[in-house]
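Commentary on secondary and tertiary structure
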Amino acid sequence: GWPRRRLLASGALGWGVLTLLMGITHDFWFLFVLRCLNGVALASLTPLCQSILADIATPQTRGVAFGVIQFSIQLGAGLSAFGVASVSGEEMLVAGQTVAGWRLAFIAVGAMS
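Here's a quick rundown of the structure. (Residues numbered from 1 in each chain as written. Predicted model: local features only at pLDDT ≥ 70, side-chain atom pairs only at ≥ 80, totals over all residues. Heavy atoms only, no water.)

With that settled, the discussion passes to the layout of surface pockets. Quantified by volume, the largest pocket comes out at close to 930 Å³. Forming the walls of the largest pocket are 31 residues, and the residues nearest its centre are Trp 15, Leu 42, Gly 76, Ser 80 and Val 109. With 11 residues, helix H3 (residues 62-87) is the single largest residue contributor to the lining of the largest pocket. (1 Å grid on protein atoms, 1.4 Å probe; cavity = no way out; pocket = protein on both sides within 12 Å on 5 of 7 lines; lining within 4 Å. Points joined across faces, edges and corners; volume = space filled by probe spheres on them. Helix = DSSP H or I, 4+ residues; strand = E, 2+ residues; numbered from the N terminus.)

For Ala 95, which is not a glycine, the phi torsion comes out positive at approximately 50°. Of note, Ala 95 is situated in the loop between strand E1 (91-94) and strand E2 (97-100).

The end-to-end C-alpha separation of helix H2 (residues 28-56) is 43 Å, in line with the 42 Å expected for 29 residues at 1.5 Å each. Those residues of H2 not exposed but buried are Leu 34, Asn 38, Ala 41, Leu 45, Leu 48, Ile 52 and Leu 53. Looking at the buried positions of H2, the neighbouring elements they touch are helix H1 (4-24) and H3. For H2, the N-terminal cap is Asp 27; the gap from its side-chain oxygen to the backbone nitrogen of Trp 29 is 3.3 Å. (Expected span 1.5 Å × (residues − 1). Buried < 20%, exposed > 50% of the residue type's maximum accessible area, 1.4 Å probe, protein only. Contact = heavy atoms within 4.5 Å. Polar contact = N/O pair within 3.5 Å; in protein donor to acceptor, adjacent residues only side chain to side chain.)

Turning next to the side chain of Thr 19. Summarising the element assignment, Thr 19 is placed in helix H1. A polar contact of 2.7 Å, which involves the side chain of Thr 19, links it to the backbone oxygen of Trp 15.

Below, the structure written as structure tokens:
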């Protein structure tokens, strides 16, 4: 089959790049397509992580390892939602240009990925 670690890296990179692109596009339909592809890339990450983790963790540590992974996912989602919500409705001055906060949120999240 396909090498899962490469698929995981490709999915994470694709998700990050697509998220960044969503922040800079000015066309609704292109944003729509990017969002659909973004969802596909993001949907690949958890199953791939779980599959790799099931192979490398011992039966005694597997439950804790899965718990740490799931906790980290939820913590990251919660913190990013809090941060993104605080700027999404604002307009900010960046390099002399006014930029919508939601755009900056996509760019920042994509760049951090």
